[in-house]
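Below are the chains, spelled out letter by letter.
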Amino acid sequence: IENTKLLSNYYDAITMWDVIEHLSNPKAAIKLSYNALKPKGVIAIGTPQVESFMFKLLGGNHPYFIRMHTVLFSPQTLGSLLEKNGFKILETYTYGRTYSFDYFLRRLETKFKILKYLRKITKHKFFFEHPITLNIGDEFTIVAEKIS
C-alpha cells in the first residue's frame, strides 16, 4: 500500500488484515486510505493487540514480537491515529484464530523451547485433525468511517 496509486474518492471500503503492523509508515497508509475512500467510506484493520493480557504476560517473548512487525498498536493508539486523520471509529473488537493445536504449539515454541517436548508427546492425530479457536485478545479489528 505504501507505493500504491489509488483513485481519489473512489472506494467504498478498504481492508487491511495483518498489514499495518508491517508498514514503515502507518500514518501515510491511513492518509492514502482516507483520500481513496468515498465520503462515508469504511476502513477495517485487523492487527495484533499490544496491550492484551498475553502481551503483558509474555513481554518480549510474545510470538508477535518479531522483526517483521515494525509497529504494534492497541485499540486506543490505532483509534487515535485514525481519528487524527479524518475517521470516526464505528467498532472495535477482538477476534480469535482457528488453527490446529500443533500449530499453536509450534508458534509458541519459537519463544519457549520447552514446548517442543510437549508437541512431541502430543503427536496423536486428534491434535492435528481438530482445529481449535482461541480468542485471547491478542488481535483486534477496528472499523472506522471517513468523515466528509
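Residues numbered from 1 in each chain as written. Predicted model: local features only at pLDDT ≥ 70, side-chain atom pairs only at ≥ 80, totals over all residues. Heavy atoms only, no water.

Where do I start with the layout of surface pockets in this structure?
In this approach a probe as big as a water molecule rolls over the atoms, and the regions it shows empty are the leftover space. Roughly 380 Å³ of volume is contained in the largest pocket. Elements with a contribution of two residues or more to the lining of the largest pocket: helix H2 (53–58), strand E4 (97–99), helix H4 (101–109) and strand E5 (132–134). Taken together, the residues that form the lining of the largest pocket break down as 14 nonpolar, 4 polar and 4 charged. (1 Å grid on protein atoms, 1.4 Å probe; cavity = no way out; pocket = protein on both sides within 12 Å on 5 of 7 lines; lining within 4 Å. Points joined across faces, edges and corners; volume = space filled by probe spheres on them. Helix = DSSP H or I, 4+ residues; strand = E, 2+ residues; numbered from the N terminus. Nonpolar A, V, L, I, M, F, W, Y, C, P; charged D, E, K, R; others polar.)

I keep staring at the pairing of strand E1 (residues 11–17) and nothing clicks. Help me out?
One ladder, built from 6 bridges, connects E1 with strand E2 (residues 37–48); its direction is parallel. Following the sheet pairing, Ala13 is matched in E2 by Val42. Crossover E1 to E2 through helix H1 (residues 26–36) is right-handed. (Pairing = 2+ DSSP bridges. Right-handed = clockwise from strand over helix to strand, strands pointing away.)

Would you mind going over the environment of Leu58 with me for this structure?
Inspection of the secondary structure assignment puts Leu58 in helix H2. Take Leu58: its relative accessible area is 18%, and that puts it in the buried class. Sequence-wise, Leu58 and Lys5 are 53 residues apart; in three dimensions their C-alpha atoms are separated by 39 Å. (Buried < 20%, exposed > 50% of the residue type's maximum accessible area, 1.4 Å probe, protein only.)

That's the geometry; what it means functionally is another story.
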